[in-house]
Amino acid sequence: MDFKNVIAHCKEYAFIYQSSEIYDGLAATYDYGPYGVELKNNIKSYWWKSMVQMHENIVGLDASIFMHPKVWKASGHVDAFNDPLIDNKDSKKRYRADQLIEGYCEKIDNKIRKDVEKARKRFGDDFDEGQFRATNQRIIDRQQKIDGILGRMNQSLTDENLEDVKALIEELEIACPASGSKNWTDVRQFNLMFSTQLGNISGEEGKLYLRPETAQGIFVNFLNVQKTSRQKVPFGIAQIGKAFRNEIVARQFIFRMKEFEQMEMQFFVRPGTEMEWYEQWKATRLNWHKALGVPENKLRFHDHEKLAHYANAASDIEFEFPFGFRELEGIHSRTDFDLNQHQELSGKKLQYFDPELNENYVPYVVETSIGCDRMFLAQVSLALQEEEVPDAKGGTSTRTVMKFHPALAPVKCAILPLLKNNEALVKASKDLYNQVKFDVNAQYDEKDAIGKRYRRQDAIGTPFCITVDHQTLEDNTVTIRERDSLDQQRIKMEEVRGIVVEKCSMHSLFE
Ligand code: ATP
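Note that the structure is a prediction, hence the values are computed from the model and not measured.

Colleague: How should the packing of helix 2 (residues 34–53) against helix 11 (residues 274–291) be read in this particular structure?
Modeller: If you want to describe how two helices pack, look at the angle between their axes and the distance between the axes. The interhelical angle for the contact between helix 2 and helix 11, taken along N-to-C directions, is 140°, at an axis separation of 12 Å. One finds that helix 2 runs oblique with respect to helix 11. Where helix 2 crosses over helix 11, the handedness of that crossing is right-handed. Within the contact between the two elements, helix 2 uses Ile-43, Tyr-46, Trp-47, Ser-50 and Met-51 and helix 11 uses Trp-281, Arg-285, Trp-288 and Ala-291. Within the contact of helix 2 with helix 11, the residues separate by chemical class into seven nonpolar, one polar and one charged.

Colleague: What's the story with a positive patch on the surface in this structure? I'm lost.
Modeller: Where like charges cluster on the molecular surface, the positive patch consists of Lys-111, Lys-114, Lys-118, Arg-122 and Lys-145. Considering each element in turn, the positive patch owes the most residues, four residues, to helix 5 (residues 97–123). Inspection of the secondary structure puts Lys-111 in helix 5.

Colleague: Just checking my understanding: could you explain the packing of aromatic side chains for this structure?
Modeller: The description of an aromatic ring pair rests on the distance of the ring centres and on the angle between the ring planes. With the rule as written, the count across this model stands at 23 aromatic pairs. Ring centres of Phe-219 and Phe-268 lie 6.4 Å apart, and the angle between their planes is 90°; on these two criteria the pair is classed as edge-to-face. Here Phe-219 is found in helix 9 (residues 215–220), whereas its partner Phe-268 is found in strand 10 (residues 259–269), with 49 residues between them in sequence. Each member of the pair, Phe-219 as well as Phe-268, is classed as buried. Residue placement shows Arg-300 over the ring face of Phe-325; its charged tip is 4.0 Å from the ring centre. When the ring centre of Tyr-454 is taken as origin, the NZ or CZ atom of Arg-481, which lies over that ring, is 4.3 Å away.

Colleague: Even after reading the chapter, I still don't get the nonpolar core, so can you show me in this structure?
Modeller: Nonpolar side chains in soluble globular proteins tend to be buried together. Grouped together as the largest cluster of nonpolar side chains are 61 residues, with contacts concentrated most on Phe-15, Trp-47 and Phe-376. Per element, the largest residue contribution to this core is eight residues, and it comes from helix 13 (residues 372–383). Residues from two domains meet in this core; each of domain 1 (33–81 + 196–398) and domain 3 (411–510) gives at least three. Judged by nonpolar contacts, the second largest core, of 26 residues, contains Ile-101, Phe-127, Leu-162 and Ile-169.

Colleague: Even after reading the chapter, I still don't get the sheet that holds strand 21 (residues 464–468), so can you show me in this structure?
Modeller: Where strands meet in a sheet, backbone hydrogen bonds hold them as pairs that are either parallel or antiparallel. Reading across the sheet, the five strands line up as 20-19-21-22-23 and stay open at both edges, with mixed pairing between neighbours. Of all the strands in the sheet, just strand 20 (442–444) and strand 23 (488–492) have a single pairing partner and so form its edges. The average undirected angle you get between the axes of adjacent strands in this sheet is 25°. The pairing of strand 22 (residues 477–482) with strand 23 spans five bridges and is antiparallel. In the sheet register, Thr-477 faces strand 23, and the bridge partner there is Lys-492.

Colleague: What is the right way to look at the side chain of Arg-245 in this model?
Modeller: Inspection of the secondary structure assignment puts Arg-245 in the loop between strand 9 (235–244) and strand 10. As a buried residue without a salt bridge, Arg-245 has its nearest oppositely charged side chain in Glu-247, at a separation of 4.6 Å. A polar atom in the side chain of Arg-245 sits 2.9 Å from the backbone oxygen of Pro-212. Setting aside residues up to four positions removed in sequence, Arg-245 forms contacts with Phe-81, Leu-192, Phe-194, Pro-212, Glu-213, Met-257, Lys-258, Phe-260 and Gln-262.

Colleague: Explain the pattern of salt bridges here, please?
Modeller: Should their charged atoms come close, side chains of opposite charge can pair. What the rule picks out here adds up to 45 salt bridges. For Asp-87, the salt bridge identified is with Arg-94, shortest N-O distance 3.0 Å. The salt bridge involving Arg-113 is made with Glu-320; its shortest N-O contact spans 3.5 Å. Placement of Arg-113 in helix 5 and of Glu-320 in strand 12 (residues 313–321) is noted, with a sequence separation of 207 residues between them. Looking at Arg-113, the relative accessible area reads 28%, which means it is partly exposed. One connected set of salt bridges, linked through shared partners, spans Asp-83, Arg-96, Asp-98, Glu-247 and Arg-256.

Colleague: Looking at this structure, how should I read the site of the ligand?
Modeller: Around the ligand, the surrounding shell holds 15 residues, and the nearest of these are Glu-247, Arg-256, Met-257, Glu-327 and Leu-328. Within the side chain of Glu-247, one N or O atom sits 2.8 Å away from a nitrogen atom of the ligand. Here the ligand loses 85% of its free accessible area of 600 Å² to cover by the protein chains. At five residues, the largest contribution of residues to the shell around the ligand is made by strand 13 (residues 324–335). Here the residues of the shell around the ligand sort into four nonpolar, five polar and six charged.

Colleague: Help me understand the environment of Thr-472 in this model?
Modeller: Mapped onto the fold, Thr-472 is located in helix 16 (residues 470–475). For Thr-472, a relative accessible area of 2% corresponds to the buried category. C-alpha separation for the pair Thr-472 and Val-59, spaced 413 residues apart in sequence, amounts to 48 Å. Sequence-distant contacts of Thr-472, that is, excluding residues within four places in its chain, are made with Thr-467, Thr-477, Val-478, Arg-490 and Met-493. Side-chain polar atoms of Thr-472 contact the backbone oxygen of Thr-477, separated by 2.8 Å.

Parameters at a glance
Residues numbered from 1 in each chain as written. Predicted model: local features only at pLDDT ≥ 70, side-chain atom pairs only at ≥ 80, totals over all residues. Heavy atoms only, no water. Axes fitted to C-alpha atoms, helices over the stretch in contact; angles between N-to-C directions. Helix = DSSP H or I, 4+ residues; strand = E, 2+ residues; numbered from the N terminus. Parallel < 35°, antiparallel > 145°, perpendicular 65-115°, else oblique. Left-handed = near helix turned anticlockwise from the far one by under 90°. Contact = heavy atoms within 4.5 Å. Nonpolar A, V, L, I, M, F, W, Y, C, P; charged D, E, K, R; others polar. Patch = residues over 30% accessible without salt bridge, like charges linked within 9 Å, V, L, I, M, F, W, Y side chains within 5 Å. Areas by Shrake-Rupley, 256 points an atom, 1.4 Å probe, with all protein chains shown as cover. Salt bridge = Lys/Arg side-chain N within 4 Å of Asp/Glu carboxyl O. Lys, Arg positive; Asp, Glu negative; His and termini not counted. Charge placed at Lys NZ, Arg CZ, Asp CG, Glu CD. Phe/Tyr/Trp six-rings, centres within 6.5 Å; stacked < 30°, edge-to-face > 60°. Buried < 20%, exposed > 50% of the residue type's maximum accessible area, 1.4 Å probe, protein only. Lys NZ or Arg CZ within 6 Å of the ring centre and 35° of its normal. Core = buried A, V, L, I, M, F, W, Y, C linked by side-chain atoms within 4.5 Å. Domains from an automatic or database assignment. Pairing = 2+ DSSP bridges. Polar contact = N/O pair within 3.5 Å; in protein donor to acceptor, adjacent residues only side chain to side chain. Near = heavy atom within 4 Å.

As structure tokens, then:
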């Protein structure tokens, strides 16, 4: 499904609204509607349970958004959390210089992918993509061009050589996507942290930041948690919470927002063992995505060549969004950088006494960091489908359906009396609804013809529709309709709760 349809569907079906829409919106901020908040809570619950509940040695934390300003000095965010920005002098639009260059390369990559797809069709089952890419001269040339451009850009960014980044944009003749103009300002660094001011202290002293990542709340609490929850290294601390970044964005919906939610876990390990844990967490996190039924070809690792100042290894799990493969989650080996920095600036020891080695050390950290909103976008764009299904007249019709994993679906079952003006049917339906609502998010719906109600539930991804009809009144059975197979079966009313609870449970995901 293309990106425009995903955005439109999210709005029409109460998943996501533009923030402050009646005031024409606020760029890169969004509100989650009634079904959106359910889906988001389910994603968070799946992450939390798989981290905290399924691991004896991972515990939770909920740190505050405001932290002592020195935290951000220690973490490097005050000095180095920058994006290279460039303005177009004619259109007055502002862009991230690196994204303009990456966008240029992406167009070349799209051409490569088209060639690959054409060849795949031509050669059929015998097609070997790796060999084709390695031997087709046009692809080799294009790939070399991409590698050359990105290599030079990364080097210039590492060297803080912003003149060269601008020179590259000019050499490639990259134009402003809005106006077509190539009249650019110089590239300069722009800090992404939002700041605010304490009421009782004026000036720089009282300057506070809204956290740009949740991780630092975990680092500064490392010893508190370790001691009070009696953890031994290796152990992890997990947290879900809001983060804020003053991102320069263009039309990326909830992929890149100014206010978003992160689900982060910092895993504290013995120095020297971090690479084993890094590999292990990469595998564990990939499996977490696959368990939801995300097809393998929609996910890939992207190992970083240019490492952040705190990391000795880093990889992204990328997902194929409707606009191409992009970072969904990061797995980073952060060394002892953060804990050391906090030791230094706070003057407090952040060491762990390892009883087995009989020595003190600052643990190393492997982190997994996923954006809840990006996970939401990944799930929604994967789930939303249009398909031909048999209709009542023996023909076919198109239905719009969201094929969420039942454990993530916002509404688990809809209870539908066949007729809304039949008192006995309405009563039986409401009784059933009142039974199941204790265990799952259910919906009672009596408006419109039954087919229309099925479609409405398909459009929000409800895995089960339960129809209460005249036969129900005679033998206490109902029809259960399964969203994906459209299979309809008669079951006993007492069985509904058990079936829906079992099929929508997260149990199978954890196994
Ligand atoms: P990007 O390169 O896309 O800006 P990043 O490398 O800065 O992302 P991290 O700092 O590693 O991202 O943050 C961890 C995760 O938080 C990302 O994988 C992503 O899912 C999420 N995330 C980061 N920035 C945003 C944002 N502005 N809006 C929504 N999610 C975000």
